[in-house]
Amino acid sequence: MLLAAVMITALAACAGTAEVSSDAAIYFTDDDGSEISLDAPAERIISLYSAHTENLYSLGAEDRLIGNYHTAIYPPDAANLDMYDYSEDPEKVIAANPDAVIIRPFITRKAPDFVEALRRADICVISLYPDSLDEFDDYIKKLAMVTGTEQKAEELLSKFHAELDQISNMTKDAEPKQRVFFETTETNIRTTTVDSMAGRAITAAGGVNAAQDASPSEEGSTIAEYGIERVLEKADDIDVYVSQRGAMNSGGSLESIAERHEYVAIKAVKNKRVYTINEKLISSPTFRYVKGVREMARFLYPEIMDNYDAYKNDNEATRAGFADIIVKHEHMPIYVPSSSKYYDTPAKGHTFGMFEDVKWRDDEFDSIETAVYSGAVTWTKDGDREYFYPEGKVTREELAKAVFVLGEFKASGKNIAISDLSDCESPRIVTTLVDNGVFALSNGSFEPKRAVTNNEIIAALDML
Amino acid sequence: MKIKNILAAALAGVMLAGLCSCGAPAEETSSNEQGKGAAKGDASKQAILVVSFGTSYNDTREATIGAVEKAIEASFPDYDVRRAFTSQTIIDKLKERDGEEIDNVTEAMERLTADGYGTVIVQPTHVMNGYEYEEMLELCRPYEENFVSVKYGKPMLTSVEDYEDVIHAVAAEIPEMTADDTAVVFVGHGTEHFANATYSALAYRFNADGYENTFVGTVEAYPDMDDIKAKLAKSGVSKIMLLPFMIVAGDHATNDICGEEEGSWYTELKKEGYEVTGVKKGLGEYKQLQDIFVKHVQDAIDGEAEEE
């Protein structure tokens, strides 16, 4: 009852009504220029933009979220929310009885009738979008005000900036400076402006944008027409080529870039330094931007960023450490599912984000998901539940399987005698790797169940 | 053989009847309810419309669909060869990215009408008589009366002889099919359509012809990866050659079959300890398979194709 009363007050005081007051507990002007005032944080929020959803989860406000934009699939839990779309009938949103719907100015422009219908139904519509990285903090703070998570926001923002600084510090002395061409759209080879989020990521990662001369196609836009001729003029000056992939205006895939015959002249193509990056990591205003900047730095300075010296010891390895060493040793780009259909498609293997014991907020989340996606590291299914057991040991046989999957080993036909081969789950893999000298025997035994150390993992991966 | 000849004769009869009904003078206009029928074109102006799903990868497209079209073009100099794709997504992407205009089936039929063609052979590059082939027929039907004659060539695997031809065609380019220590695994798309049985029929025929270590699986239907794994385990091979059984080696071939990721055929078979080689070669690239499509065009011209 009390809650309902609070809600009614909150609703009555939202933008567009006569009772907007700068004395309210929560008061700010949103990015459509509407004054928002609420007496208390919103309790039933529908987010109509993937970045809002992601940030609300990061802020720990997921309990206040009752609906999600239909293509938003991060964090993985968000895929379970009821889905809404501004191209649908606004009645669907109204019927869910939200006390706040968070949109962005793009939606106000694209679907004005939809937004107006929500406002007419006395729903508090809040429109937010940071036009540049400089506005990110302010944007997060407004989301925090709406959800009463100001303290969490402060913590996350200070961690966010500290991590960005840390990456910049790691690469700031690297020489020579790596020059990057960043493709945002395959058509006409469009790039991004230097001050866009992606442009700033290149700088933060210690790189130099090879398309410094790119100017926006229209004022305020971060998209810049470039064209293949101008890319080719800079062929010798492009050390790394990065293509942004995503649902809208995607850059080329590795396969389609490989088909651009003129591209053989480009230094990055010659040196096989062409990468793709998911737009959600590098062009979307979320805390995952740190991951995008880190990925960019890994593309530019792999030896610095993928340093695994901390694992060079004889400590017994954990499965989480095993995954991390593999991702760094093999310079695997972190895995990010991109399709909005991801969770609708029946999975043959592991489903991203569905481990009971490794969650998206965990530090080791990306390396574990990436190592599992590569097929190198196994996991366990118990009924419908999936487990990784990050603190578990790594056996000799598990290491052997990883090395075999990652490498290209041929049976040599030597068939060195292995006394405990019958204890091995994959005798064929063990035989091949022993014959190839990747694993030594101890008194004729392979010891498939013995736990390995970090140094043993590194030594085996060095054989790839 | 005898049964087939009887069937062929019966079909030819049906077709003749079909032809007669639309063999009216060119100047006669039709009263088609869709208003498409104008003058029926000039019967001596002949075209072969090659209908494919399509792919946005340019090199791959020319090596597969393009190669089939070229083979048809070379064999039928009296016909103009035209291209249509059934995937609107791919058509739109090519237009936007490369400025390349490719017709969908409806647009192709309209353009053939507008250009005054009277004789049209529609030849799909489909693997089997499944949903895509049926949909293609449905899209073409309303336009039949715009022409003096429209005939349809059959998908790759239709007659008993087709199976034998396909086996010869792939065996000619894959010597590993006769190696003792190597299994050759073809992976098709798989479909909910009853034509999915085509894959098992082909596998049966491989086996009957003595290619005991050649297997046929599918990405989305039966036989699936586990079915093939069980057969591989019994075969005693240590090496596997993995090939898409699709006209174009596109996204499925790149990811689901030859991709280096969990769940792909390549990785899952490797986990079993096999030495796996993935070959991203579409069926359209096999010289003798191109000839099967040429043969199917000829069959259509000769009136051996069934008109439904």
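Residues numbered from 1 in each chain as written. Chains lettered and ligands numbered in written order. Predicted model: local features only at pLDDT ≥ 70, side-chain atom pairs only at ≥ 80, totals over all residues. Heavy atoms only, no water.

## Overview of the overall build of chain A
What chain A contains, in helices and strands, is 19 helices and 15 strands. Overall size of chain A, expressed as C-alpha extent along the three principal axes, is 85 × 60 × 40 Å. Relative to its full complement of 464 residues, chain A shows a buried share of 54%. Long-range contacts, defined here as pairs at least 24 residues apart, represent 66% of the contacts in chain A between residues at least 6 apart. When the accessible surface of chain A is summed, it comes to about 20700 Å², and 48% of that surface belongs to carbon and sulfur atoms. (Helix = DSSP H or I, 4+ residues; strand = E, 2+ residues; numbered from the N terminus. Buried < 20%, exposed > 50% of the residue type's maximum accessible area, 1.4 Å probe, protein only. Contact = heavy atoms within 4.5 Å. Areas by Shrake-Rupley, 256 points an atom, 1.4 Å probe, with all protein chains shown as cover.)

## Focus on the domain arrangement of chain A
All names here are of chain A. Along its sequence, chain A is carved into domain 1 (2-148), domain 2 (174-301) and domain 3 (309-462). Taken together, the contact between domain 2 and domain 3 spans seven residues of the former and ten residues of the latter. Of the roughly 630 Å² buried at the junction of domain 2 and domain 3 (both faces included), carbon and sulfur atoms supply 53%. The largest share of the area that domain 2 buries against domain 3 comes from N278, K291 and R298, three residues that together contribute 60% of it. Counting across the domain 2 and domain 3 interface gives one salt bridge. In this structure, D366 and K291 form a salt bridge, with 2.7 Å as the shortest nitrogen-oxygen distance. At four residues, helix α13 (residues 289-300) tops the list of elements feeding residues into the side of domain 2 that touches domain 3. (Domains from an automatic or database assignment. Buried area = accessible area lost by both parts, 1.4 Å probe. Salt bridge = Lys/Arg side-chain N within 4 Å of Asp/Glu carboxyl O.)

## A closer look at the pairing of strand β12 (residues 240-245) of chain A
All names here are of chain A. With five of six residues buried, β12 lies mostly within the body of the structure. Here strand β8 (residues 179-183) pairs with β12 via four bridges, running parallel. Across the sheet, residue F181 finds its bridge partner in β12, namely Y241. For β12 and strand β13 (residues 274-278), the ladder comprises five bridges, and the chain directions are parallel. Paired with R245 across the bridge in β13 is N278. (Pairing = 2+ DSSP bridges.)

## Side note on the sheet that holds strand β8 (residues 275-278) of chain B
Residues and elements named next belong to chain B. Sheet architecture is open: four strands sit in the order β6-β5-β7-β8, paired in parallel fashion. Since the sheet does not close on itself, it has two edges, and those belong to β6 (214-218) and β8, each with one partner. Going from strand to strand, the sheet's axes swing by 25° on average, the running direction of each strand aside. Bridging between strand β7 (residues 239-244) and β8 involves four bridges; their strand directions are parallel. (Axes fitted to C-alpha atoms, helices over the stretch in contact; angles between N-to-C directions.)

## Let's talk about helix α9 (residues 225-235) of chain B
Every α-helical turn comprises 3.6 residues, leaving residues that sit three or four positions apart pointing alike. All names here are of chain B. Buried within α9 are the following residues: M225, I228, K229 and L232. When α9 is viewed along its axis, its buried side chains cluster within an angular range of 105° and face the same direction. Seen from the buried face of α9, the exposed residues on the opposite side, beyond 90 degrees, are D226 and K234. Packed against the buried residues of α9 are β5 (182-188), β6, β7 and α11 (265-271). Near the N-terminus of α9, the side chain that reaches the backbone nitrogen of D226, with its oxygen 3.1 Å away, is that of D224. Looking at the residues trailing α9, positive phi occurs at G236, about 75°. (Arc of directions from axis to C-beta. Polar contact = N/O pair within 3.5 Å; in protein donor to acceptor, adjacent residues only side chain to side chain.)

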